[in-house]
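Tertiary structure, described
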Amino acid sequence: MIDVRRIRSDYDGVYAALARRGMDALPGLAEVRELDEQLRKVAAKRDQTRAQIKELSNQVAHLHRKGDREEAAALQAESRELGEHEKRLSVEADDLRNQIRELLLRIPNLPADDCPDGEDENDNVELRRVGYDPETYGSHQRVPHWEIGAELGILDIERAVKLSGSMFTMFRQQGAVLARALCQAALDRNSDVFEEIRPPSVVLTETMISTGHLPKFADEAYQIERDDLWLIPTAEVPLTSLGRDEILDEGDLPLRYMAYTPCFRREAGSAGRDTRGLLRVHEFDKVEILAYTTPDQSAAVHAELLARAESMIADLGLAYRVIDLCAGDLGNSAARTFDIEVYAPGCDKWLEVSSVSWFSDYQARRANIRYRRAEDRRTEIVHTLNGSALAVPRVWAALVETHRQPDGSIRIPEVLHPYFRGATTISK
RNA sequence: GGAGGGAUGGCAGAGCGGACGAUUGCGACGGUCUUGAAAACCGUUGAGGGGCGACCCUCCGGGGGUUCGAAUCCCCCUCCCUCCGCCA
């Protein structure tokens, strides 16, 4: 949520920043400004009326003590009338406040100043490409992972579909070990500074609102209507709400958390796109890394998260590129995002495996996460950042394609050896 | 699921219709003392909103109600604790 006061004091600046996302980011903005102006007028009147009632009540108490019942009764009548007035103003103010919040919840974050201009993914900026040379891939690596998986018996899509429908998947044998090893390696390598959390995978509506996944993107998430609960689309959701309604100490920041969780996505509207194999599935495992920072710390921590995510991919021996998302392609809550895409030689595609984002105070304002400044003891809203340390299916796919040997077996990267019960290859 | 008890400022914990936005203790911050530190002593210290400002308003788990006036009384909800039932 962006700050109403900013809309009030720098409307043109907010308008211009949002316009960088495209014109569909602007609806509601002008209305918020108008409603806010009305609200302040009504609230001022309401407060004034309340002050009068308080004053009269005090006088009533005083008169009662003196025993002047007649005068007291007169003031009571007057106060009762003011009470009616106060009630009407109160209802009006509450109504305005709710309207403003509803609109504000749907207005996206302002892109960072240094976020590149652009309309859509075609305008994204590729920052670097690491380990990629199309000449070096042999024909044995040009086999898509769904074929490799079937051949080795480590991926069983047909039966997953039997159990749960299309776009669900199932790993078997060493394939299942690989999925788990990837997660465990990601957690272990980040355990030096990230606190490991195992949060609930099912959360309340309020928790989904805090990150910006609701109300705008309800169609993307699985809802358990009967209990008013939602399946998390990412560990970002519970981890961001850890600090909800809390005031942290500046000295404790940055706070870094990581979590391994399943992630559930309806992928509404993307049916038929990337449906083959593991490229787009309804449920997958992921290790997320996340931080709460002061505004000053956020840039450095953003770089740190990116470096962490990148080095994991590099250590798995995968080729990847880093993309700086343009303003038009930015996610709703993000101010700046770097995507990491791995190259999958078998299907000859770049696969997005991590979005490392800085959300400025957008999510934290929704979640009301604050910190107390050491210098003047005042409270301020924290910044949140997060990214995938590892997302299983796509990395799994790129890995088996990249490390497929001429004999059809898969070489297990060294960083995963500790998790493979002594095996160094996956073969029939 | 049933019965009872609870929810108050960073934490602990009073208050139970009228100067209560809230006694007190701890913690935190500032100061005195000290070569320095500890201890002791003194002072400050909840959050949010509005107004150029003196100030004003809101918040005692959440929502309704009674009253001139509610942290205090009534109703509903949520969560926590104890006991019973059920259960991986």
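Scroll up to find the structure.
First things first, this report covers the structure right here in the doc. (Residues numbered from 1 in each chain as written. Chains lettered and ligands numbered in written order. Predicted model: local features only at pLDDT ≥ 70, side-chain atom pairs only at ≥ 80, totals over all residues. Heavy atoms only, no water.)

So, the protein's contact with RNA strand B
- In the neighbourhood of RNA strand B, 19 residues make up the surrounding shell, with R8, D47, S79, R370 and T379 lying closest.
- Each atom of RNA strand B within 4 Å of the protein belongs either to a base or to sugar and phosphate, the latter forming 78%.
- A distance of 2.6 Å is found between a phosphate oxygen of RNA strand B and a side-chain nitrogen or oxygen belonging to R8.
- A distance of 2.7 Å separates a sugar or linking oxygen of RNA strand B from a polar atom in the side chain of R370.
- Of all elements in the fold, only α1 (4–9), α3 (29–66), α4 (69–106) and β12 (370–372) reach the threshold of two or more residues within the surface near RNA strand B. (Near = heavy atom within 4 Å. Polar contact = N/O pair within 3.5 Å; in protein donor to acceptor, adjacent residues only side chain to side chain. Helix = DSSP H or I, 4+ residues; strand = E, 2+ residues; numbered from the N terminus.)

Topic: the pairing of strand β8 (residues 283–293)
- Counted residue by residue, β8 has nine buried out of eleven residues, so it is predominantly covered.
- Relative to β8, strand β7 (residues 255–264) runs antiparallel, the two sharing ten bridges. Within β8, the position partnered with A259 by the bridge is E288.
- For β8 and strand β14 (residues 383–391), the ladder comprises eight bridges, and the chain directions are antiparallel. Residue pairing in the sheet places L290 in a bridge with N386 of β14. (Buried < 20%, exposed > 50% of the residue type's maximum accessible area, 1.4 Å probe, protein only. Pairing = 2+ DSSP bridges.)

A word on helix α5 (residues 145–152)
- Among the residues of α5, those classed as buried are H145, W146, I148, G149 and L152. The buried residues of α5 occupy one face: seen down the axis, they fall within an arc of 160°.
- The inward-facing, buried residues of α5 contact α6 (157–164), α12 (392–402), β15 (410–411) and β16 (425–426).
- At the exit of α5 stands G153, carrying a positive phi of roughly 75°. (Arc of directions from axis to C-beta. Contact = heavy atoms within 4.5 Å.)

Quick word on the environment of A299
- One can find A299 in helix α10 (residues 298–315).
- Residues A299 and W358 lie 59 residues apart in sequence; the distance between their C-alpha atoms is 8.1 Å.

Quick look at the pattern of salt bridges
- Applying the stated rule across the entire model yields 23 salt bridges.
- With its nearest N and O atoms 2.6 Å apart, the salt bridge here joins R129 to E126.
- Each of the salt bridges in this network shares a partner with another, and the network as a whole consists of D3, R5, D361 and R365. (Salt bridge = Lys/Arg side-chain N within 4 Å of Asp/Glu carboxyl O.)

Examining the sheet that holds strand β4 (residues 223–224)
- With antiparallel pairing, three strands are arranged side by side in an open sheet as β3-β5-β4. The open sheet is flanked by β3 (202–204) and β4, the only strands paired with a single partner.
- Where β4 lies against strand β5 (residues 229–231), two bridges are found, and the strand directions are antiparallel. Bridge assignment links I224 to a residue of β5, and that residue is L229.

Concerning the side chain of E341
- Within the secondary structure, E341 is located in strand β10 (residues 336–344).
- Of the polar contacts made by the side chain of E341, one reaches the side chain of R321; its length is 2.7 Å.

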